[in-house]
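Structural features, examined
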Amino acid sequence: MRELKHLFENNRRWAAEVSDRDPDFFKKLAAQQAPPYLWIGCADSRVPANQIVGLAPGEVFVHRNVANVVSHTDFNCLSVLQYAVEVLKVRHVIVCGHYGCGGVAAALQDVPFGLIDNWLRHIKDVYEASRLDDIDTNKLCELNVAAQVRNVCHTTIVQDAWRRGQDLSVHGWIYSLEDGLLRDLDLCISSPELLASIYRMGESSAA
Ligand code: CO
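Residues numbered from 1 in each chain as written. Predicted model: local features only at pLDDT ≥ 70, side-chain atom pairs only at ≥ 80, totals over all residues. Heavy atoms only, no water.

1. A few points about the state of the cysteines
Under the criterion given, the structure shown has zero disulfides. Counting only cysteine sulfurs, Cys-153 is the nearest neighbor of Cys-188, a cysteine outside any disulfide, at a range of 8.7 Å. (Disulfide = S-S within 2.5 Å.)

Here's what the structure looks like:
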């Protein structure tokens, strides 16, 4: 007997509803995807990318992990970013954190959680680099988004795109579980001039 039968039932109902509204929907989507956005968000089940910005399948490319971290040694995230920027040619990368993030809250504690502590180290580093005392979870959620926006911009992928003249903006947003609303943290970066010089790759470094 098939496990999780209700999910297959949900799926058949959903596919039928979509096809009723637009009989060619799946045929068109199977032929190509051209989303203008890459969403980098938290894996938290309460922050589903498509739903909270009202986008249909095919309209947003998505990468999610614990606490929306962009690490320059994470080939998973970098591969998603490379494909989104170089193949799909997205115009916007959105790093979206959320208040009350369990990953960020865990990073603020001094208790061991096992393997994930290696991942949460990235967020502890954000706390330490802020040189602020008494940061609560929500403030660290915001600082983490800002740090991950910069991390996206520091990648060779984004810097190469800007050097080619590709139109690409990186945004920092935060979502509230309490009311379902997004807030723009006004961190939009669209060119390397806004980055610290140590992270800027000039023309001379282009191979
Ligand atoms: Co979270």
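2. Remarks on the side chain of Asn-65
Residue position: Asn-65 is located in strand E2 (residues 60-65). Taking relative accessible area as the criterion, Asn-65 reaches 10% and is therefore assigned buried. Separated by 3.4 Å, the side chains of Asn-65 and His-63 make a polar contact. Those residues in contact with Asn-65, other than ones at most four positions away along the chain, are Gly-41, Cys-42, Ala-43, Asp-74 and Trp-119. (Helix = DSSP H or I, 4+ residues; strand = E, 2+ residues; numbered from the N terminus. Buried < 20%, exposed > 50% of the residue type's maximum accessible area, 1.4 Å probe, protein only. Polar contact = N/O pair within 3.5 Å; in protein donor to acceptor, adjacent residues only side chain to side chain. Contact = heavy atoms within 4.5 Å.)

3. With respect to the packing of helix H6 (residues 116-130) against helix H7 (residues 137-154)
Relative orientation and spacing of two packed helices are given, respectively, by the angle between their axes and the distance between those axes. Contact geometry for H6 and H7: axes closest at 10 Å, N-to-C directions at 100°. The pairing of H6 with H7 is recorded here as roughly perpendicular in orientation. Side by side, H6 and H7 meet where Ile-123, Val-126, Tyr-127 and Ser-130 of the first sit next to Leu-140, Leu-143, Asn-144, Ala-147 and Gln-148 of the second. Classifying every residue of the contact of H6 with H7 by side-chain character gives six nonpolar, three polar and no charged. (Axes fitted to C-alpha atoms, helices over the stretch in contact; angles between N-to-C directions. Parallel < 35°, antiparallel > 145°, perpendicular 65-115°, else oblique. Nonpolar A, V, L, I, M, F, W, Y, C, P; charged D, E, K, R; others polar.)

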